[in-house]
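Structure at a glance
This is what each chain is made of:
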Amino acid sequence: QVQLEESGGGLVQAGDSLRLSCTASGRTFSSSAVGWFRQAPGKEREFVGYIAWNGEVTKYADSAEGRFTISRDNAKNTAFLQMSGVKPEDTAVYYCAASKWGFIYGAPQGAMDYWGKGTLVTVSS
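The following paragraphs examine the structure supplied in this document. (Residues numbered from 1 in each chain as written. Predicted model: local features only at pLDDT ≥ 70, side-chain atom pairs only at ≥ 80, totals over all residues. Heavy atoms only, no water.)

**Some details on the state of the cysteines**
Put simply, the rule is: Sulfur atoms of two cysteines make up a disulfide when they are within 2.5 Å. Think of it this way: any DSSP run of H or I at least four residues long counts as a helix, any run of E at least two long counts as a strand, and we number them from the N terminus. Partly exposed describes any residue whose relative accessible area lies between the buried limit of under 20% and the exposed limit of over 50%, with all areas from a 1.4 Å probe on protein chains only and scaled to the type maximum.
Evaluated as defined, the whole model comprises one disulfide. Note that Cys22 is cross-linked by a disulfide to Cys96, the S-S spacing being 2.0 Å. With the S-S dihedral at roughly 65 degrees, the linkage between Cys22 and Cys96 falls on the right-handed side. Remark: Cys96 occurs in strand β9 (residues 92-98) and Cys22 occurs in strand β3 (residues 18-25); sequence separation between them is 74 residues. Cys96 shares its class with Cys22; the two are buried.

Here you go:
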């Protein structure tokens, strides 16, 4: 059992940088792949990126590639989403999720077993 809680969201301006955190409880976190997802107002939840259990593999959605960076600190049971050059279209509730697997080879959302409640990021123009 893993419990996740996101933090770091808020109101920012287009072009700003923002760092979201995902803090986990549970002893399985260090062996779990962690994904970031987002859900914009009126839209379905979509994949942002993920990081493998040891941090050696990361994958990003096209919308995040080159702007967002996922990292983790297993000693602190925390994963991060560093967002740079945010755009108004990045406005969404951002969720972190953890998988029982250490690596994800298929659809990321299908491999996630634990989800946080989300943190809202609003990007103004």
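There is more to say, and it comes next.
**A word on the environment of Pro41**
Following the sequence through the fold, Pro41 ends up in the loop between β4 (34-39) and β5 (46-51). Its relative accessible area of 67% is what places Pro41 among the exposed residues.

**Here we look at the packing of aromatic side chains**
We count it as follows: Pairing of aromatic side chains requires ring centres within 6.5 Å, counting the rings of Phe and Tyr and the six-membered ring of Trp. Pairs whose planes differ by under 30 degrees are stacked, by over 60 edge-to-face, and all others tilted. For a lysine, the NZ atom is tested; for an arginine, the CZ atom; a charge sits over a ring if that atom is within 6 Å of the ring centre and within 35 degrees of the ring normal.
Inspection of every chain in the model, using the stated rule, returns three aromatic pairs. With centroids separated by 4.8 Å and ring planes inclined at 50 degrees, the aromatic side chains of Phe37 and Trp115 adopt a geometry described as tilted. Residue Phe37 is located in strand β4, and its partner Trp115 is located in strand β10 (residues 114-115); the two are separated by 78 residues in the primary sequence. When its relative accessible area of 1% is taken as the criterion, Phe37 is described as buried. Members of the aromatic cluster, joined through ring pairs, are Phe37, Phe47 and Trp115. Lying across the ring of Tyr95, Arg45 places its NZ or CZ 4.1 Å from the centre. Here Arg45 stacks its cationic end above the ring of Trp115, 4.5 Å away from the centre of that ring.

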